[in-house]
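Summary of structural features
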Amino acid sequence: VSEPRGMLPEIDRQVHEPARLAILTVLSACERADFLFLERATGLSRGNLSVQLTRLEEAGLIEIEKIIVRKKTVTTAALLARGRGALDAYWQSMEELRARATAPERPTAQRPRKLPGQSAVAGGEA
Amino acid sequence: LESNDIDLQTDLFYKLNGGGSMDSMELIVSRRADELSYVTEHFRDLQGLIVVPMFLALFVCLAGAGTRHTSRPLPVSWTMALSASGTFIVALFASEAISRWYKRRFGEVLAGAPGESARRAKLRTLAVRVLIVGVCILVWESSHPSAMVLLYGTMTALFPRCFESVPAVPAIQLRRAAYIATAMLQLTLISLGNLLHPHFTALLSELLTTYLLLYLYDHWLLTRLLGHREEANQ
């Protein structure tokens, strides 16, 4: 269990989950977006989007603002500096992971326990 | 790291290594993220239907001016000026209604990267506008007025979109290609304009038709990029 720490870059689970990654990606490209746009862009259901937004807010990655416009509550979200940093770090980790995966010498050759398929081991040792 | 974090890393590693199949995560990481960034950054640009009523109003006015020109040339009558004003006011209201429709259907985005990059973008836009006005004044002095109209349209509406970076998504790359092709076409017309002396109305009609097609494609692209509900829900 201890071996991969030094070998593979750390992946932030808060960011890695596809729904949250989609939300953060949208928010990273604008100053602020409302709930409807996030719903349309990410393709998430309202309930799921609401849950994911709450989790991201609790993690301190985004801020959520609710304002009343013409007697209707409009929810908007914006990416915080910490969220932007986490997203940048995530892409960097993914890039590093991809680079290592495609490198000629693969460190995972020493870790047969984690293999999802035997063919991958053969590829790693080649 | 927790044990499940290491499992995640290892799974990702082997998927990227070719040991596993592409799943929704891979799709988002490789392609969907680029699409999302693009559609968010260009959300206002892609609302192509907003300008359609204005173009239609221009078409109507051009057609009216054309028929008027054959029967009785300038000066333009008050009736004609009032009709043109009425057409544009109706078009303005229609544009506003379409804008509200976009807001109801797709939501709203406060565009622009925050901080320093926003200030740089504003300065860049200002510099481009100054350049456009300068070039147009030069062309006005030395060329046909229709050439100036074409050049102004090309530089303000087409050039900025020709040089933007786009993700490796065919529909988005096709948009940029269409803008580049149209810009080249306009520049060719401007060059030929001095030789052929084309009619102003014909040139403007060509310009409006081309822009209309481009903006309709923008609208189609917006609805396509924001229509991935099933894919992301998996």
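Everything quoted here is computed from the prediction, not taken from an experiment.

Thresholds applied
- Residues numbered from 1 in each chain as written.
- Chains lettered and ligands numbered in written order.
- Predicted model: local features only at pLDDT ≥ 70, side-chain atom pairs only at ≥ 80, totals over all residues.
- Heavy atoms only, no water.
- Axes fitted to C-alpha atoms, helices over the stretch in contact; angles between N-to-C directions.
- Helix = DSSP H or I, 4+ residues; strand = E, 2+ residues; numbered from the N terminus.
- Parallel < 35°, antiparallel > 145°, perpendicular 65-115°, else oblique.
- Left-handed = near helix turned anticlockwise from the far one by under 90°.
- Contact = heavy atoms within 4.5 Å.
- Nonpolar A, V, L, I, M, F, W, Y, C, P; charged D, E, K, R; others polar.
- Expected span 1.5 Å × (residues − 1).
- Buried < 20%, exposed > 50% of the residue type's maximum accessible area, 1.4 Å probe, protein only.
- Pairing = 2+ DSSP bridges.
- pLDDT = per-residue confidence, 0-100.

1. Structural notes on the packing of helix H3 (residues 18-28) of chain A against helix H4 (residues 35-42) of chain A
All names here are of chain A.
- Relative to each other, H3 and H4 sit at 120°, their axes nearing to 10 Å. By the criterion of interaxial angle, the relationship of H3 to H4 is oblique. Handedness of the crossing formed by H3 with H4: right-handed. Where H3 abuts H4, its residues Ala22, Ile23, Val26 and Leu27 lie against Phe37, Leu38, Ala41 and Thr42.
- Across the contact of H3 with H4, the residue classes tally to 7 nonpolar, 1 polar and no charged.

2. Some points on helix H4 (residues 78-106) of chain B
- Compared with the 42 Å implied by 1.5 Å per residue over 29 residues, the 42 Å span of H4 of chain B between its first and last C-alpha is a close match.
- For H4 of chain B, the full list of buried residues reads Ala91, Ser95, Ser99, Tyr102 and Phe106 of chain B.

3. Quick look at the sheet that holds strand S3 (residues 72-79) of chain A
- Reading across from one edge, S2(A)-S3(A)-S1(A)-S1(B) is the order of the 4 strands in this open sheet, with antiparallel pairing throughout. Pairing within the sheet leaves two strands with one partner each, and these edge strands are strand S2 (62-69) of chain A together with strand S1 (109-110) of chain B.
- Relative to S1 of chain B, strand S1 (residues 32-34) of chain A runs antiparallel, the two being bridged by 2 bridges. Residue pairing in the sheet places Arg32 of chain A in a bridge with Leu110 of chain B of S1 of chain B.
- Sheet strands in contact with H4 of chain A are S1 and S3 of chain A together with S1 of chain B, and its direction is about 85° off that of S1 of chain A.
- The strands touched by helix H5 (residues 46-58) of chain A are S2 and S3 of chain A; relative to S2 of chain A, the strand with the most contacts, the crossing angle is about 125°.

4. A few points about the confidence of the model for chain A
Residues and elements named next belong to chain A.
- On average, residues of chain A score 75 in pLDDT, and 72% of them are at 70 or above.
- The spread of mean pLDDT over the elements of chain A runs between helix H7 (residues 118-125), the lowest at 34, and H5, the highest at 92.
- Scored below 50 in pLDDT, residues 1-5 shows 8 contacts in the model against residues more than four places distant or in partner chains.
- The low-confidence segment residues 108-126 (pLDDT under 50) makes 25 contacts with residues lying over four places distant or belonging to another chain.

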